[in-house]
Amino acid sequence: MFVSKAAVVGGGTMGGEIAQAIAAADIPVVVKDIDQKFVDAALEKARAVTEGQLGGQVKKERITQEQADARLAEVMGNIVGTTSYEEFGDVDFVIEAVPEKMAIKQAVFREIDAATPGHAILSSNTSSLSITEMAETTLRADKVVGFHFFYPASVMPLVEVIVGEDTSQETATAAYNFAQAIKKQPIVCGEVPGFVVNRVLMATMGEIWRAQEEQGLSLKAIDEAIAGAKLAPMGPFFLTDLLGLDTVAHVAEHLNESYGEHFYVHKGLQGLVAEGKLGAKSGGEGFFKDGEQTIPGDATPDAEELVAMFTSRALIESCLLVEEGIASVRDIDLGMMAGAGLDPRRGLLPPFWKADVEGLDKALETIERLYEKHGERFAPPVTLQRLVAQGRLGLASGQGFYPYPQPDEGEQAETVKLETRDDVAIAWLANLPMNAVSPDVIRDLATVWERVKAAEGVNAMVIASAVPVVFSAGADIKAFTSMDEASGAELIHKGHALMRDFGVDSVVTIAAVNSIAFGGGCELAMACDVRIAAEAAVFGQPEVKLGIIPGFGGTQRLPRLVGANKALEMNLVGDAVLSEEALELGLVNRVVPDHELFETALMWGRKLAGQAPVAVGLIKRVSNQGDIDAGIEAEKEGFAAAFASDDAKEGIGAFLGKRSPRWSGN
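Below you will find a few notes about this structure. (Residues numbered from 1 in each chain as written. Predicted model: local features only at pLDDT ≥ 70, side-chain atom pairs only at ≥ 80, totals over all residues. Heavy atoms only, no water.)

**Observations regarding the environment of Leu387**
Part 1 of the reasoning: Its place among the elements puts Leu387 in helix 16 (residues 382–389).
Part 2 of the reasoning: Separated by 213 residues in sequence, Leu387 and Thr600 place their C-alpha atoms 14 Å apart.
Part 3 of the reasoning: Other than its neighbours up to four places away in sequence, Leu387 contacts Leu360, Arg392, Gly400 and Phe401. (Helix = DSSP H or I, 4+ residues; strand = E, 2+ residues; numbered from the N terminus. Contact = heavy atoms within 4.5 Å.)

**With respect to the packing of helix 12 (residues 303–323) against helix 14 (residues 351–358)**
Part 1 of the reasoning: Remark: helix 12 packs on helix 14, axes separated minimally by 9 Å, with the N-to-C direction vectors making an angle of 120 degrees. In terms of orientation, helix 12 and helix 14 fall into the oblique class. Both helix 12 and helix 14 take part in a crossing whose hand is left-handed. Touching Thr311, Ala314, Leu315, Ser318, Cys319 and Val322 of helix 12 are Pro351, Phe352, Lys354 and Ala355, all from helix 14. (Axes fitted to C-alpha atoms, helices over the stretch in contact; angles between N-to-C directions. Parallel < 35°, antiparallel > 145°, perpendicular 65-115°, else oblique. Left-handed = near helix turned anticlockwise from the far one by under 90°.)

**Here's the deal with the packing of helix 17 (residues 439–454) against helix 19 (residues 485–502)**
Part 1 of the reasoning: Put simply, helix 17 and helix 19 touch, their axes get as near as 10 Å, and they point 35 degrees apart. Between helix 17 and helix 19 lies a crossing whose hand is left-handed. Contact residues: Pro439, Ile442, Leu445, Ala446, Trp449 and Lys453 in helix 17; Leu491, Lys494, Gly495, Leu498, Asp501 and Phe502 in helix 19.

**Notes on the pairing of strand 8 (residues 185–189)**
Part 1 of the reasoning: Strand direction decides the pairing type here: strand 7 (residues 158–162) and strand 8, joined by five bridges, are parallel. Directly across from Leu158, in strand 8, lies its bridge partner Gln185.
Part 2 of the reasoning: In this region the chain leaves strand 7, passes through helix 6 (residues 169–181) and returns to the parallel neighbour strand 8; the handedness of that crossover is right-handed. (Pairing = 2+ DSSP bridges. Right-handed = clockwise from strand over helix to strand, strands pointing away.)

**Concerning a positive patch on the surface**
Part 1 of the reasoning: Among the surface-exposed residues, Lys60, Arg62, Lys478 and Lys658 lie close enough to one another that they form a single positively charged patch.
Part 2 of the reasoning: Relative to the assigned elements, Arg62 resides in the loop between helix 2 (36–59) and helix 3 (65–77). (Patch = residues over 30% accessible without salt bridge, like charges linked within 9 Å, V, L, I, M, F, W, Y side chains within 5 Å. Areas by Shrake-Rupley, 256 points an atom, 1.4 Å probe, with all protein chains shown as cover. Salt bridge = Lys/Arg side-chain N within 4 Å of Asp/Glu carboxyl O. Lys, Arg positive; Asp, Glu negative; His and termini not counted. Charge placed at Lys NZ, Arg CZ, Asp CG, Glu CD.)

**Quick word on the packing of aromatic side chains**
Part 1 of the reasoning: With the rule as written, the count across this model stands at eleven aromatic pairs.
Part 2 of the reasoning: Seen in terms of ring centroids, Phe480 and Phe552 are 6.4 Å apart; in terms of plane orientation they differ by 75 degrees. Their pairing is edge-to-face. You can see Phe480 sitting in helix 18 (residues 477–481) and its partner Phe552 sitting in the loop between strand 17 (538–540) and helix 21 (557–562), a full 72 residues away along the chain.
Part 3 of the reasoning: On the basis of relative accessible area, Phe480 is assigned to the buried category, the value being 10%.
Part 4 of the reasoning: One aromatic cluster is present, formed by Phe93, Phe147, Phe149 and Phe178 through successive ring pairs.
Part 5 of the reasoning: Above the plane of the ring of Phe263 lies Arg313, whose end atom (NZ or CZ) is 5.5 Å from the centre. (Phe/Tyr/Trp six-rings, centres within 6.5 Å; stacked < 30°, edge-to-face > 60°. Buried < 20%, exposed > 50% of the residue type's maximum accessible area, 1.4 Å probe, protein only. Lys NZ or Arg CZ within 6 Å of the ring centre and 35° of its normal.)

**Comments concerning the sheet that holds strand 18 (residues 577–578)**
Part 1 of the reasoning: Taken together, the three strands give an open sheet; going across it, the order is 15-17-18, and neighbouring strands pair in mixed fashion. Every other strand in the sheet has two partners, leaving strand 15 (516–518) and strand 18 as the edge strands with one partner each.
Part 2 of the reasoning: In terms of strand pairing, strand 15 meets strand 17 through three bridges, oriented parallel. Along strand 17, the bridge assignment pairs Ile516 with Val538.
Part 3 of the reasoning: Its contacts with the sheet put helix 20 (residues 520–527) on strand 15 and strand 17, and the angle it makes with strand 15 is roughly 95 degrees.

**A closer look at the pattern of salt bridges**
Part 1 of the reasoning: Taken as a whole and judged by the stated rule, the model has 38 salt bridges.
Part 2 of the reasoning: Between Glu96 and Lys105 there is a salt bridge, with its nearest N and O atoms 2.5 Å apart.
Part 3 of the reasoning: Assessed through its relative accessible area of 0%, Glu96 is described here as buried.
Part 4 of the reasoning: According to the relative accessible area criterion, Lys105 is buried, its value standing at 0%.
Part 5 of the reasoning: The closest approach of N and O atoms between Glu596 and Arg392, which form a salt bridge, is 3.6 Å. Residue Glu596 is located in the loop between strand 19 (590–592) and helix 24 (597–609), and its partner Arg392 is located in the loop between helix 16 and strand 11 (416–421); the two are separated by 204 residues in the primary sequence.

**Looking at the side chain of Asn78**
Part 1 of the reasoning: Relative to the helices and strands, Asn78 resides in the loop between helix 3 and strand 3 (79–82).
Part 2 of the reasoning: Setting aside anything within four residues of it in sequence, one finds Asn78 in contact with Ala23, Asp26, Ile27, Pro28 and Val29.

**Focus: helix 15 (residues 360–374)**
Part 1 of the reasoning: For helix 15, built from 15 residues, the straight-helix expectation of 21 Å at 1.5 Å per residue is met to within 8% by its first-to-last C-alpha distance of 20 Å.
Part 2 of the reasoning: The inward-facing, buried residues of helix 15 contact helix 12, helix 14 and helix 16. (Expected span 1.5 Å × (residues − 1).)

**Some remarks on the nonpolar core**
Part 1 of the reasoning: Judged by nonpolar contacts, the single largest core of 74 residues is most densely connected at Phe88, Ile112, Leu315, Phe352 and Phe401.
Part 2 of the reasoning: Setting aside its immediate chain neighbours within four residues, Phe88 contacts Ala7, Val9, Val30, Lys32, Val94, Ile112, Ala115, Thr116 and Pro117.
Part 3 of the reasoning: Within the second largest apolar cluster, 50 residues are counted, among which are Ile492, Phe502, Met570 and Val588. (Core = buried A, V, L, I, M, F, W, Y, C linked by side-chain atoms within 4.5 Å.)

**Digging into empty space enclosed by the protein**
Part 1 of the reasoning: Enumeration according to the criterion identifies three cavities of 30 Å³ or more in this entry.
Part 2 of the reasoning: Taken as a whole, the largest cavity spans an internal volume of roughly 150 Å³.
Part 3 of the reasoning: Along the wall of the largest cavity there are 14 residues; nearest its centre are Tyr402, Pro403, Asn514, Asp594 and Leu597.
Part 4 of the reasoning: The set of elements that each furnish at least two residues to the lining of the largest cavity consists of strand 13 (460–465) and helix 24.
Part 5 of the reasoning: Along the lines of polarity and charge, the residues of the lining of the largest cavity split into nine nonpolar, three polar and two charged.
Part 6 of the reasoning: Computed from the structure, the second largest cavity encloses a volume of approximately 40 Å³.
Part 7 of the reasoning: Forming the boundary of the second largest cavity are Val437, Val441, Ile442, Leu445, Leu498, Met499 and Leu524. (1 Å grid on protein atoms, 1.4 Å probe; cavity = no way out; pocket = protein on both sides within 12 Å on 5 of 7 lines; lining within 4 Å. Points joined across faces, edges and corners; volume = space filled by probe spheres on them. Nonpolar A, V, L, I, M, F, W, Y, C, P; charged D, E, K, R; others polar.)

**Notes on unusual backbone geometry**
Part 1 of the reasoning: The linkage connecting Tyr151 with the following residue, Pro152, adopts the cis geometry, with an omega of -5 degrees.
Part 2 of the reasoning: With respect to the element layout, Pro152 can be found in the loop between strand 6 (144–149) and strand 7.
Part 3 of the reasoning: A cis amide bond links Leu432 with the next residue in sequence, Pro433, at an omega value of 5 degrees.
Part 4 of the reasoning: Summarising the element assignment, Pro433 is placed in the loop between strand 12 (424–429) and helix 17.
Part 5 of the reasoning: With phi around 55 degrees, Asp290 is a residue other than glycine that occupies positive phi space.
Part 6 of the reasoning: In this structure, Asp290 sits in the loop between strand 9 (288–289) and strand 10 (292–293).
Part 7 of the reasoning: Exposure remark for Asp290: the relative accessible area of 74% places this residue in the exposed category.
Part 8 of the reasoning: The phi dihedral of Asp422 is positive, around 60 degrees, even though this residue is not glycine.
Part 9 of the reasoning: Along the chain, Asp422 falls in the loop between strand 11 and strand 12.

Below, the structure written as structure tokens:
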């Protein structure tokens, strides 16, 4: 499923920002509303956002004003405003962005179901409502999905792709790829009230709200305590004023209706909304006016206790999402990073990562104390109890919700760290931030591999990522483009020789793919004998989008794993494949929960390390017979020819310049 034209139903600010994100990715988009004034507002918003983005580039002297003016015309030329469905006959993806009332959304879904071609995906930008109930009003429930942007959509990178009861895997994958195409960060989750980010946020906000009203606490002091402890980019009351009190109240009330008093609704918030005091969107008066709070409360909070409650409820709710099968550990943390501003570079850690850093045993002790004091809403999650019982206490122990390297003593390579656990070695990819496959990574991985082969009694090697949210995002494009022809060719030969040796040596190789494995990262995983994927793992060979071809075996190993037809499709299209489909295709051997990935890979390592080395080596050499070496030589020649083409120069330049390529065919 590919998107050549999109549509947004619902104008205004949000519709305009969504349409702008699509148009800026050079995809034509229709904005439809029942009233021309809302259509006009959307177009004005799209123009204002584009002017702001381009103005920033002009200020930084990345482009000239003339180039900015030309680009503004291009982006706005991709947007058509309308009050009818006449433009919907050739639309491939629709995003409904009307008010958060189920009856209105169902009525819209009936209309777009009738107005769009049968292959079109219909999505909702709902923040909490049921995708399944919307889908029931259509004749294509399998093609209905949630597509939740965060406000402001022009700034916030997250899109929650919400899978309803009838949503097909193909639809979820297509939505994921469309989100990536418009430069957003997607996560995939199941359907529950609040989905991922709002559910975790409202759980934590509710605890702060409850404490404020019950104890008459100062709003300023609360905000200072939360922001000062680096639990969030800003305090909860100031944030609510920015987002809009009515918007926050609507989500809070919905979750309270869905989950009960575990999700507390601030009474003062409801009163302000009833008075039309909505924060920034209503002239600035909300919880604060001119810097002063507008509701009662001046007591000084116990900052340490507030921090404990906030952190604990975030972790508890995150664990429940995993235990309910709604989302993976990595997707929850990534959602909180991209949707709630928890940026690790600023010391703001998402729930699971934060728990690992501070210690799962300490987190459990705090939760148990709060459980004794406050009751069921602080009930210790089973997942957390289980990890602590296993001795998986987080960063200090080398494993918690995520695994962490504990390299062997002695000299270590820079970008790949070696750790040995009995008869299993772990090669930790540690080329921050995205584990790009660079010349240094190939050199260091080769060094580690030679050490492993020479080590007595080590018969298996796991390749894992030291970065919690990525396996390897692909080749280091900047490093490759800076090399001359001779050094580039030498690098390709060395990389191929290394990965080929993985496939014939008696040491078994296991890729523990925790997240994104694109391009060279996917090829590295395919070169291993076994691939264990986390639920959050995503695979793809996107080289064609840069005007080049796979350079480390992607044209040869991929068809041996998934079949010639699917491999050709993946290499020609370049889109991502989610873990469930990767398992169905045979690209991976197993898919496991994120927090069980490393243990599972080690289990496989221990099993295979105990097999007869001579037999293992022979099985690897004679399996999948076919002239892979000749195929790799052909791939090398094709890669060199593609890399030297004008299209490759344009594709790589567009990638580095964050723009769409314009192919010449040369």
